[in-house]
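Reading the structure
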Amino acid sequence: MSEQETTKENLDGYDYIIVGAGSAGCVLANRLSADPNCSVLLLEAGEWDRNYWLKLPVGYVKTVFDKRFSRQFQTEPEYGTAGRSLIWPRGRVIGGSSSINALLFIRGQSQDFDDWQAAGAKGWSYEDVLPYFTRIETYSGRADAGRGKAGELSVSDLRNSNPSCQAWIEAAKQYGLPENDGFNGGSNYGVGAFQLTINNRWRESASVAFLHPIRSRPNLTVQTGVHVSKVLIHNGKATGVEWMKGGHVLVSSADQEVILSAGAIQSPQILQLSGVGPKNILKRHGINIKVDAPSVGQNLQDHYMARTIVRLNKPQSLNDEVRNPLRLMSMGLEWLFKGTGPLTVGAGQVGGGACSEFAIEGRADLQFTVMPFSADKAGDPLHRYSGFTAAVYQSRPESRGYLEIKSDDPLADPRITPNYLSTELDQKTLVAGVKMLRDIYQQPAFKSLYDKEIVPGSSAASDEDILKFARNSGGTVFHPSGTCRAGGDTKSVVDPDLKVRGVRGLRVIDASIMPQIPSGNINAATLMIGERGAEKIIKSAQS
Ligand SMILES: Cc1cc2nc3c(=O)[nH]c(=O)nc-3n(C[C@H](O)[C@H](O)[C@H](O)COP(=O)(O)OP(=O)(O)OC[C@H]3O[C@@H](n4cnc5c(N)ncnc54)[C@H](O)[C@@H]3O)c2cc1C
């Protein structure tokens, strides 16, 4: 049966209902439906990921702000961003944000997960989570005991070589940073080429890896284009969900569990709409309170990035290449016949981690992302000069934001307040990162290419100026997380088994359960959460 042919009658009486077919949701759908005796309903707001741009790695620049595939949330204007409201795109398509992301694959640093455990998420230390990272992937690079060889997700080394990126790596080494051969060995310290979620020449989203291969399982129903409005809770137990499609409101029931995998914005939103959230907010919007859970929507974290742009003195930027029709054609041919070249990249190609003077015990607290091109923002036309971009963000910011529903309308956006750069450490660390980038540009290996700094430019000389620049023009790295924090304390939203406190038969399994944002990009950790969460569900059904 195709996904469109499912009828109302067979959307009832499932063992498990998963809300959201994103990074975590696709892993869960795969693992839970592996048992043919177990029926699974996967509900997704977006449509199937058929569009060509969702498959081509460089298609990222087209899809990220395309409303057919991406829902555009907006943050509240705030002091941290000089009164600007930022767009936070989130995948609304099968594969979720993994279908529109920039494909960088970075697990995070070992201490990130040890910190989760120390924060009360028992069983989530690095040692605990490592086998799950390994299990989900097949890494096509050099043999390494810590890397997977039999998982569904293809992870590959960078398949594009660019002389200006290479010069930047050499310059960073001259500056004093070591080489890091892929950022998936427990430390992000050092510089090198990134690994990407690519299979051969194609994007490897969570859907490509985990959902498409098992779509035909008879015990799995995937329903697209449906908006889940709330979890139904009776006598303290989640019994199903209410969802909307084409003007109809429908209900589906789950005998075992409902799992929210709607991402760090919409999982807490759905909880609040279901009556699980801060009492005062629920009351304000006339929502029947099931559990007064003050932490739902709190602990919001994101990486906030400042971008420097320099003009090269040689035409070695992609900005130059895309204006040359012959070069464009050769890029296409290179992609087609060799599966390499600029079309196999989303945005960042090389980069790495460094320690500012505020880092503790040599644990990288800065992350660089370097691109051999420049534009005002993702998806905008490339600049007409030979631009080169190096961005930096603080790996583990202290600033904490929150989100809350603005009304009881399930289709309305929640209010999102990130509180970017609200602590002194965050401000100083980001300024240190921009200064470090400037120092790297001045090393001999890059100096020979360097013409002029365009952004922030010579007017941003003092620390104060640099901070002002960061507030005026910095942006999200698209990593919202932490809004349904896992922990051992009664105030955490979910317990270490990812069960929602106060409601039986309900879990949250996605980026929102992270107690603290990992040091690098967060898709890898979200997939790991999906894998580990699925195992927890299966084990508890067996016990
Ligand atoms: C533009 C962009 C670039 C990024 N680049 C990178 C990168 O290069 N590397 C990296 O590691 N990370 C990157 N990330 C982050 C990473 O992709 C995400 O953090 C991760 O995919 C989140 O997974 P998730 O399962 O928590 O949520 P998602 O993957 O966002 O999935 C949530 C799903 O739930 C669905 N949903 C939500 N609400 C409802 C509802 N009410 N009813 C039904 N369905 C619903 C959504 O449509 C979506 O499909 C990027 C993210 C974005 C947006």
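For the structure itself, consult the block above.
Okay, so let's go over this structure. (Residues numbered from 1 in each chain as written. Predicted model: local features only at pLDDT ≥ 70, side-chain atom pairs only at ≥ 80, totals over all residues. Heavy atoms only, no water.)

**Quick look at the packing of aromatic side chains**
For any pair of aromatic rings, the description rests on two quantities: the centre-to-centre distance and the angle between the ring planes. Summed over the entire model, instances satisfying the criterion amount to 15 aromatic pairs. Here the aromatic rings of Trp168 and Phe368 are separated by 5.9 Å at their centres, their planes lie at 75°, and the arrangement is edge-to-face. Separated by 200 residues along the polypeptide, Trp168 in helix α5 (residues 163-175) and Phe368 in strand β19 (residues 366-371) bring together distant segments of the chain. This pair shows no difference in class: Trp168 is buried, exactly as Phe368 is. Seen in terms of ring centroids, Phe183 and Phe194 are 5.4 Å apart; in terms of plane orientation they differ by 50°. Their pairing is tilted. Of the two residues, Phe183 sits in the loop between α5 and β7 (190-193) while Phe194 sits in the loop between β7 and β8 (195-196), which places them 11 residues apart along the sequence. Through a chain of ring-to-ring contacts, three or more aromatic side chains come together here, namely Phe113, Trp116, Trp124, Tyr126 and Phe133. The cationic tip of Lys62 hangs over the ring face of Trp53; the distance from NZ or CZ to the ring centre is 5.0 Å. (Phe/Tyr/Trp six-rings, centres within 6.5 Å; stacked < 30°, edge-to-face > 60°. Helix = DSSP H or I, 4+ residues; strand = E, 2+ residues; numbered from the N terminus. Buried < 20%, exposed > 50% of the residue type's maximum accessible area, 1.4 Å probe, protein only. Lys NZ or Arg CZ within 6 Å of the ring centre and 35° of its normal.)

**Let's talk about empty space enclosed by the protein**
Evaluated as defined, the whole model comprises one cavity of 30 Å³ or more. Of the voids in this model, the largest cavity is the one considered here, and its volume is about 110 Å³. Along its surface, the largest cavity is lined by Asp302, His303, Tyr304, Gln394, Pro397, Ser399, Pro418, Asn419, Tyr420, Leu421, Asp426 and Leu430. When its residues are assigned to classes, the lining of the largest cavity shows six nonpolar, four polar and two charged. (1 Å grid on protein atoms, 1.4 Å probe; cavity = no way out; pocket = protein on both sides within 12 Å on 5 of 7 lines; lining within 4 Å. Points joined across faces, edges and corners; volume = space filled by probe spheres on them. Nonpolar A, V, L, I, M, F, W, Y, C, P; charged D, E, K, R; others polar.)

**Remarks on the side chain of Asp495**
With respect to the helices, strands and loops of the structure, Asp495 is situated in the loop between β24 (475-476) and β25 (506-508). Despite its burial, Asp495 pairs with no opposite charge; the closest candidate is Arg501, at 5.4 Å N-O. Polar contacts involving the side chain of Asp495 include one to the main-chain amide nitrogen of Asp497, which spans 2.8 Å. Apart from the residues within four sequence positions on either side, Asp495 is in contact with Ala486, Gly487 and Arg501. (Lys, Arg positive; Asp, Glu negative; His and termini not counted. Salt bridge = Lys/Arg side-chain N within 4 Å of Asp/Glu carboxyl O. Polar contact = N/O pair within 3.5 Å; in protein donor to acceptor, adjacent residues only side chain to side chain. Contact = heavy atoms within 4.5 Å.)

**A look at unusual backbone geometry**
In this structure, Pro456 follows Val455 across a cis peptide bond, with omega equal to 0°. In this structure, Asn299 takes a positive phi of about 65° despite not being glycine. By secondary structure assignment, the location of Asn299 is in the loop between β16 (291-292) and β17 (304-312). Look at Asn299 and you get buried, because its relative accessible area is 14%. Unlike most non-glycine residues, Asn419 shows phi in positive territory, near 55°.

**Things to note about the sheet that holds strand β5 (residues 137-139)**
Strand order in this open sheet of three strands is β5-β6-β8, and the pairing throughout is mixed. Each end of this open sheet is capped by a strand with a single partner; those strands are β5 and β8. Relative to strand β6 (residues 153-157), β5 runs parallel, the two being bridged by three bridges. Each residue of the ladder has a partner; that of Glu137, found in β6, is Leu153. Against the sheet, helix α4 (residues 126-136) touches β5 and β6, its axis set at about 70° to β5. (Pairing = 2+ DSSP bridges. Axes fitted to C-alpha atoms, helices over the stretch in contact; angles between N-to-C directions.)

**Here we look at the pairing of strand β2 (residues 40-43)**
Consecutive side chains along a regular strand alternate between the two faces of the sheet. Side chains Val40 and Leu42 of β2 all project onto a buried face; the interleaved residues Leu41 and Leu43 project onto the opposite face, where all are buried too. The parallel pair strand β1 (residues 14-19) and β2 is bridged by helix α1 (residues 23-32), and the resulting crossover is right-handed. Looking at chain direction, β2 and strand β11 (residues 220-223) are connected through four bridges and run parallel. Paired with Leu41 across the strands is Thr221, a residue of β11. (Right-handed = clockwise from strand over helix to strand, strands pointing away.)

**Remarks on the site of the ligand**
In the vicinity of the ligand there are 38 residues, among which Ser23, Glu44, Ser97, Leu104 and Asn523 approach most closely. One nitrogen or oxygen atom from the side chain of Glu44 is found 2.6 Å from an oxygen atom belonging to the ligand. Within the contact set of the ligand, an oxygen atom lies 3.1 Å away from a side-chain nitrogen or oxygen of Asn101. Relative to its unbound accessible area of 1000 Å², the ligand is 99% covered by the protein chains. Secondary structure elements with two or more residues in the shell around the ligand: α1, β4 (87-91), β12 (227-234), α7 (263-273) and α14 (523-542). (Near = heavy atom within 4 Å. Areas by Shrake-Rupley, 256 points an atom, 1.4 Å probe, with all protein chains shown as cover.)

**Observations concerning α14**
A turn of α-helix holds 3.6 residues, and therefore any two residues three or four places apart point the same way. With 20 residues, α14 should cover 28 Å at 1.5 Å per step; its first-to-last C-alpha distance of 29 Å lies within 8% of that length. In terms of burial, α14 is a largely internal element, 15 of the 20 residues being buried. (Expected span 1.5 Å × (residues − 1).)

**Brief notes about the pattern of salt bridges**
The final tally for this structure, using the stated rule, is 26 salt bridges. Between Asp451 and Arg311 there is a salt bridge, with its nearest N and O atoms 2.8 Å apart. On the criterion of sequence distance, the pair formed by Asp451 in strand β23 (residues 450-455) and Arg311 in strand β17 is long-range, its members being 140 residues apart. With a relative accessible area of 37%, Asp451 lands in the partly exposed category. Three or more residues are tied together by salt bridges with common partners; here these are Arg31, Arg135, Glu152, Glu531, Glu535 and Lys539.

**Focus on the side chain of Ser374**
Looking at where Ser374 falls in the secondary structure, it is placed in the loop between β19 and β20 (387-394). In terms of polar contacts, Ser374 uses its side chain to reach the side chain of Asn319, at 2.9 Å. Within the structure, the side chain of Ser374 is placed 2.8 Å from the side chain of His383, a separation counted as a polar contact. The contact partners of Ser374, leaving out residues within four places of it in the chain, are Ile309, Asn319, Leu382, His383, Tyr385, Gly387, Phe388 and Thr389.

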